[in-house]
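# Structure at a glance
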Amino acid sequence: MAPPARSHPRLFRRAARPLALAPGLPAASPPGAPRRRDREVAPAKARGDQLAVQVIPLLFGRNLCDEFDAIVLVDAPRPLGLERLVATRGLEETDAMNMIASQMPAELKRARADYCVENTGTLEDLERSVDALWSSLQRDASKVERVAAMDRVASGPEAASPRFLDSVLGHG
């Protein structure tokens, strides 16, 4: 039987928070995390999905960026993040400040991210920004798939032709 804190995600987060904030802990993935990620992505691959999303809160701190094709960071200014942690998670302000301070600075995360979504407005604003990025990522994935198909189909000199490439990429 699981410990009571683990049986409810919010309680588990609260119980594990002191461990997550403790200085000097190794920045390693929890046991089984890579296998869990693989299990979550496998159905998307089986369906032929071009994109799969994974939410990994400590992606930067655990140096996992190289394991993904693209990194999307959703970021808010530190004071707004602090306000939201206190309001939505019921944290004491000191705990929220410690949580933020224990993370990699936003500037470093932004430098490592391929895309950054600003989370300074309403939830509806965030949804619009994410929808726009998602559409862009789908278009880009579709282009990559067309280029891969072109590589499989075209083996002659026409494959290097700018007109052929434009037609495959949807520009011509």
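Residues numbered from 1 in each chain as written. Predicted model: local features only at pLDDT ≥ 70, side-chain atom pairs only at ≥ 80, totals over all residues. Heavy atoms only, no water.

## Examining the packing of helix α4 (residues 78–89) against helix α5 (residues 93–101)
Filter applied, for reference: Note on method: axes are straight lines fitted to C-alpha atoms, helices fitted across the in-contact stretch only, with angles between N-to-C directions ranging 0 to 180 degrees. Numbering of helices and strands runs from the N terminus, with a helix taken as a DSSP run of H or I at least four residues long and a strand as a DSSP run of E at least two residues long. Note that the term roughly parallel is reserved for angles under 35 degrees, roughly antiparallel for angles over 145, roughly perpendicular for angles of 65 to 115, and oblique for everything else. Left-handed describes a crossing whose near helix is turned anticlockwise from the far helix through less than a right angle; right-handed describes the clockwise counterpart. Contact definition: two residues touch when any of their heavy atoms are within 4.5 Å. Gly is put with the polar residues, along with every residue not named as nonpolar or charged; the nonpolar set is Ala, Val, Leu, Ile, Met, Phe, Trp, Tyr, Cys and Pro, and the charged set is Asp, Glu, Lys and Arg.
Viewed as axis vectors pointing N to C, α4 and α5 meet at an angle of 130°, and their least axial separation amounts to 9 Å. Regarding the angle of α4 to α5, the classification is oblique. In the crossing of α4 with α5, the sense of the turn from one axis to the other is right-handed. Residue-level contacts link Arg-78, Gly-81, Leu-82, Leu-85, Val-86 and Arg-89 of α4 to Glu-93, Ala-96, Met-97, Met-99, Ile-100 and Ala-101 of α5. The residue inventory of the contact of α4 with α5, partitioned by class, reads 8 nonpolar, 1 polar and 3 charged.

## Concerning the side chain of Gln-54
The cut-off we apply is this: Only protein chains enter the accessibility calculation, which uses a 1.4 Å probe; a residue whose area is less than 20% of its type maximum is buried, one above 50% is exposed, and one in between is partly exposed.
Structurally, Gln-54 is set in the loop between α3 (33–47) and β1 (72–75). Its relative accessible area of 19% is what places Gln-54 among the buried residues. With near-sequence residues (within four places) excluded, Gln-54 lies in contact with Arg-37, Glu-40, Val-41 and Phe-68.

## Notes on unusual backbone geometry
Of all residues except glycine, most have a negative phi; of all peptide bonds, most are trans. The phi dihedral of Asn-63 is positive, around 55°, even though this residue is not glycine. One can find Asn-63 in the loop between α3 and β1. Judged by relative accessible area, Asn-63 falls into the exposed class, the value being 55%.

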